[in-house]
Amino acid sequence: MKIQDNDKQIFNLALAKFIGFYQVVDTEKVTFLGRHNVRYKIFVFLIIYECLIAAILLLNCLYYSENNPTEFIRYTGFVVNMFYASYKMYIVLKRTKDIWDCLSITQFDFTSYDHRDRRIILDLWRNRSIWFTNTFVVFSLIMLIFYTACPLAFNDTFIVMKSRDGLSSNYRLNVVNLYLFVPEEVYNAYFNIFHIIETFGICIFVLFIVVFDTIVMTSCLALSCQLHMNSAAFESVGHTSVVDSPNSKYINVHTLETFKVNII
């Protein structure tokens, strides 16, 4: 896909640049160290960091599986979602060229349908794409802010963790609670440092989800737009406009040929 004007495609270019997706997937940019650009390397580092956090949570999950079934279930949810988000981001990085080529469907000139109502349909789906993707990202950011701010707002809340030897420890409530390798005195004393580490992991998780789901959402909306274009081409056979009433019994040859091109 070649980026032209921002208003000539369904693709939400401004949002893609904001979340870093455009810089990573755009394979035509100047590369770094032979193959990919700098932001590609950054995303690789983020995947490694996220997998490291998930691995520690997995150890927590196994360690507390017998004495704390509630914590076991919660840690399991974190582990599954973090590994899955990392895998989705890995697919995005691995299939950058394929994804970039597939996104060519979002361009206005992807279809050869030539009609005065063409721009109306394309603008309609472009506005829908921008609204849906922006709304999704805004809600994701709001939930992220509330979730990461809760431990700071309720900083006097403690969780009682029972270890395998039967001893109990009181840890302050945090974002994901990486307790395994840290005693309660150290964790509670350096709570803010652990909060930053865990918050960074959650931010990466949300970023991976947003990037992948934005691609899927944009592709689905672009496909719906192209189907709408084909439908409009079918309805316009023999008429001068999609919205005109059929007053003629004769089929316009040029319109019919345009419809055939769209079908093929």
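Note that the structure is a prediction, hence the values are computed from the model and not measured. (Residues numbered from 1 in each chain as written. Predicted model: local features only at pLDDT ≥ 70, side-chain atom pairs only at ≥ 80, totals over all residues. Heavy atoms only, no water.)

Hey, could you run me through the overall build of the chain in this one?
Within the chain one finds nine helices and two strands. In the chain, the order of α-helices and β-strands from amino to carboxyl end is α-α-α-α-α-α-β-β-α-α-α. Counting all 264 residues of the chain, 44% fall into the buried class. The long-range share in the chain, meaning contacts at least 24 apart out of those at least 6 apart in sequence, stands at 66%. Accessible area for the chain stands at about 14,800 Å²; split by element, carbon and sulfur atoms hold 66% of it. (Helix = DSSP H or I, 4+ residues; strand = E, 2+ residues; numbered from the N terminus. Buried < 20%, exposed > 50% of the residue type's maximum accessible area, 1.4 Å probe, protein only. Contact = heavy atoms within 4.5 Å. Areas by Shrake-Rupley, 256 points an atom, 1.4 Å probe, with all protein chains shown as cover.)

Mind showing me how you'd approach the pattern of salt bridges here?
Charged atoms that come close allow side chains of opposite charge to pair. In the structure shown here, the tally under the stated rule is two salt bridges. Note that aspartate 98 and arginine 95 form a salt bridge whose closest N and O atoms lie 3.7 Å from each other. (Salt bridge = Lys/Arg side-chain N within 4 Å of Asp/Glu carboxyl O.)

Can you walk me through the packing of aromatic side chains in this structure?
Any aromatic ring pair is given by two values, namely how distant the centres are and how the planes are angled relative to each other. One pass over the full model with this rule turns up six aromatic pairs. Here tryptophan 131 and phenylalanine 132 contribute two aromatic rings whose centre-to-centre distance is 5.1 Å and whose plane-to-plane angle is 80°, an arrangement assigned as edge-to-face. Residue classification places tryptophan 131 among the exposed positions, given a relative accessible area of 54%. You can call phenylalanine 132 partly exposed: its relative accessible area is 38%. Between tyrosine 171 and tyrosine 187, the aromatic rings sit 5.6 Å apart at their centres with planes inclined by 80°, giving edge-to-face as the arrangement. Of this pair, tyrosine 171 sits in strand β2 (residues 168-172) while tyrosine 187 sits in helix α7 (residues 184-189), and the two are 16 residues apart along the sequence. Judged on exposure class, the residue tyrosine 171 and its partner tyrosine 187 are both buried. Here the aromatic cluster, defined as three or more aromatic residues joined through ring pairs, consists of Phe45, Tyr49 and Phe200. One residue, arginine 128, lies across the ring of tryptophan 125, its end atom 4.5 Å from the ring centre. The ring of phenylalanine 191 carries the charged tip of arginine 172 above its face, separated from the ring centre by 4.0 Å. (Phe/Tyr/Trp six-rings, centres within 6.5 Å; stacked < 30°, edge-to-face > 60°. Lys NZ or Arg CZ within 6 Å of the ring centre and 35° of its normal.)

Mind showing me how you'd approach the UniProt feature "transmembrane region" (unreviewed entry) in the chain here?
The feature "transmembrane region" (unreviewed entry), as given by UniProt, occupies residues 42-66, 72-90, 129-154 and 189-212 in the numbering adopted here. The straight-line gap between the two end C-alpha atoms of residues 129-154 is 38 Å; of that span, 96% is helix and 0% is strand. (UniProt positions renumbered as here; feature names shortened; annotations may be inferred.)

I keep staring at the nonpolar core and nothing clicks. Help me out?
Nonpolar side chains tend to gather and get buried jointly when the protein is soluble and globular. Leu57 and Met82 are the most contacted members of the largest nonpolar core, which totals 50 residues. For this core, the secondary structure elements donating two or more residues are α1 (13-19), α2 (21-25), α3 (38-63), α4 (69-94), α5 (96-102), α6 (118-153), β1 (158-162) and α8 (191-235). For this core, the element with the most residues is α8, which contributes ten residues. If you look at the next biggest cluster of nonpolar residues, it comprises nine residues, including Ile10, Leu122, Ala222 and Ala232. (Core = buried A, V, L, I, M, F, W, Y, C linked by side-chain atoms within 4.5 Å.)

Would you mind going over the pairing of β1 with me for this structure?
Successive side chains on a regular strand alternate, one facing one side of the sheet and the next facing the other. Only one face of β1 is buried: it carries Ile159 and Met161, and the other face, with Phe158, Val160 and Lys162, is open. Here five bridges tie β1 to β2, and the two strands are oriented antiparallel to one another. Residue pairing across strands places isoleucine 159 opposite tyrosine 171, the latter belonging to β2. (Pairing = 2+ DSSP bridges.)

Which parts of the structure should I look at to understand the environment of asparagine 188?
Relative to the helices and strands, asparagine 188 is located in helix α7. If we skip the residues at most four places from it in the chain, asparagine 188 touches Phe158, Asn170, Tyr171 and Arg172. A polar contact is formed between the side chain of asparagine 188 and the backbone oxygen of asparagine 170, at a distance of 3.0 Å. (Polar contact = N/O pair within 3.5 Å; in protein donor to acceptor, adjacent residues only side chain to side chain.)

What is the right way to read a nonpolar patch on the surface from this model?
Side chains of Leu58, Leu59, Leu62 and Phe83 sit close together on the surface and give an oily, nonpolar patch of about 330 Å² of accessible area. Looking at the nonpolar patch element by element, the count peaks at three residues for α3. Mapped onto the secondary structure, phenylalanine 83 falls in helix α4. (Patch = residues over 30% accessible without salt bridge, like charges linked within 9 Å, V, L, I, M, F, W, Y side chains within 5 Å.)

Could you clarify how one ought to interpret the side chain of asparagine 174 in this entry?
By the element assignment, asparagine 174 lies in the loop between β2 and α7. Within the local environment of asparagine 174, its side chain forms a polar contact with the side chain of histidine 195, the two groups lying 3.0 Å apart. Once you skip the residues sitting within four places of it in the chain, asparagine 174 turns out to touch Pro151, Tyr179, Tyr187, Phe191, Phe194, His195 and Glu198.

Sorry, what's going on with the environment of asparagine 155 here?
With respect to the secondary-structure elements, asparagine 155 resides in the loop between α6 and β1. The exposure class assigned to asparagine 155 is partly exposed, which follows from its relative accessible area of 32%.

What exactly am I supposed to notice about the confidence of the model for the chain here?
Fine structural detail should not be taken from predicted coordinates in areas where pLDDT scores are low. Per-residue pLDDT for the chain averages 76, and the proportion of residues at 70 or more is 72%. The least confident element of the chain is helix α9 (residues 253-263), whose mean pLDDT is 48; the most confident is α4, at 88. Considering only residues more than four positions removed or in separate chains, one finds that residues 241-256, a stretch of pLDDT under 50, has 23 contacts. Within the model, pLDDT remains below 50 along residues 259-264, and this stretch shows ten contacts once partners closer than five positions in the same chain are excluded. (pLDDT = per-residue confidence, 0-100.)

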